[in-house]
Amino acid sequence: MLRAYNYQCAICGYDLKYDSISIGLEAAHVKWKQYGGPCIVNDGLALCLLHHSAFDMRAIGLDSYLKMKISSGVNGHQMVEKLFWDFEGKNILLPRIKEDYLHDRFVEWHLREVFRK
Ligand SMILES: [Zn+2]
C-alpha cells in the first residue's frame, strides 16, 4: 500500500524517513473497513497523519476525478492554508502502476458518506 504510493502522502507528498523507516505515513481506507471496505490497494491511499485524520474526519475528500475537495468548515491560519486550501482542486499523487489506482466506487462512497461540504 505505502509502496504503491512510493512512501509519500498522496495529497502533500510528505515522505519523512528516519534512515529507511517512514515516519508519520499511514495506509488510509477510502471506504471504511467497518462499512465493508476491503483491505486492498484499490481502496487505500498513503496519507500523512494530518491528512489521514482530516480525511477520516470529513474535512477533506476527493471528487470523481481524484481532485481534492476541502470542506467549508476547514479554517485556521497560515499552516492550514498551506496544508489544506492550497491543495483544493489539485490532483492527488497516483500510484505508478495503474492496477493500484483507487476504484471509483470507493471514492464515490467516501464523497457521499463521509465528506461534508
Ligand atoms: Zn499529507
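Everything that follows concerns the structure shown earlier in this document.
All figures in this text were calculated on a predicted structure; none of them were measured in a lab. Counting restarts for each chain: residues are numbered from 1 in the order of the written sequence. In keeping with the model being predicted, local features are shown solely for residues with a pLDDT of at least 70 and side-chain atom pairs are shown and tallied solely at 80 or more, while totals for entire chains, interfaces and linings include all residues. To obtain the side-chain values, all non-hydrogen atoms of the structure were included, while hydrogens and water were left out.

**So, the overall build of the protein chain**
- Strands here mean DSSP runs of E at least two residues long; helices mean DSSP runs of H or I at least four residues long; both are numbered from the N terminus. Looking only at helices and strands, one finds three helices and six strands in the protein chain.
- Computed over C-alpha atoms, the radius of gyration of the protein chain comes to 13 Å, within 12% of the 13 Å expected from 2.2 N^0.38 for 117 residues, which places it in the range of a compact globule.
- Note on exposure labels: buried denotes an accessible area under 20% of the residue type's maximum, exposed denotes more than 50%, and partly exposed covers the range between, all computed with a 1.4 Å probe on protein chains only. Each of the 117 residues in the protein chain was classed as buried or not, and the buried ones make up 38%.
- We call two residues contacting when some pair of their heavy atoms lies within 4.5 Å. The contacts in the protein chain between residues at least 6 apart in sequence include a share of 61% that link residues at least 24 apart.
- Method for areas: the Shrake-Rupley scheme with a 1.4 Å probe, in which residue coverage is limited to the protein chains shown. By element, 53% of the accessible surface of the protein chain is carried by carbon and sulfur atoms, the whole surface being about 7,200 Å².
- His is not counted here, nor are the chain ends, while Lys and Arg score as positive and Asp and Glu score as negative. Just so you know, the charge point we use is NZ for Lys, CZ for Arg, CG for Asp and CD for Glu. Of the side chains in the protein chain, 15 bear a positive and 14 a negative charge, and the two mean positions are spaced by 3 Å. All radius of gyration figures rest on C-alpha atoms, and the globule criterion is 2.2 Å times the number of residues raised to 0.38.

**Here's the deal with the environment of Lys117**
- As for its placement among the helices and strands, Lys117 is situated in the segment after α3 (104–113).
- Judged by its relative accessible area of 76%, Lys117 falls in the exposed class.
- As a C-alpha pair, Lys117 and Ala46 span 71 residues in sequence and 23 Å in three-dimensional space.
- Leaving out residues up to four positions away in the same chain, Lys117 has contacts with Ser71, Ser72 and Gly73.

**A word on the nonpolar core**
- In this description, a nonpolar core means a group of buried Ala, Val, Leu, Ile, Met, Phe, Trp, Tyr and Cys residues linked to one another through side-chain atoms lying within 4.5 Å. Core analysis: the biggest nonpolar cluster contains 28 residues, and Leu45, Leu62, Ile92 and Leu102 have the highest contact counts within it.
- Those elements that place two or more of their residues in this core are β3 (25–29), β4 (44–48), α1 (49–56), β5 (60–62), β6 (68–70) and α3.
- For this core, the element with the most residues is β4, which contributes four residues.

**Observations concerning the packing of aromatic side chains**
- Between rings of Phe, Tyr and Trp, where Trp is taken as its six-membered ring, a pair exists when centres lie within 6.5 Å; planes separated by under 30 degrees are stacked, by over 60 edge-to-face, and by other angles tilted. Evaluation of the coordinates by the stated rule reveals three aromatic pairs.
- When the ring of Trp32 is compared with that of Tyr35, the centres are 6.1 Å apart and the planes differ by 55 degrees; the resulting orientation is tilted.
- By relative accessible area, which is 17% here, Trp32 ends up buried.
- On the basis of relative accessible area, Tyr35 is assigned to the exposed category, the value being 51%.
- Seen from their ring centres, Tyr35 and Trp109 are 5.6 Å apart, and the 45 degrees between their planes marks the pair as tilted. Taken together, the positions of Tyr35 in the loop between β3 and β4 and Trp109 in helix α3 put the pair 74 residues apart, joining distant regions of the chain.

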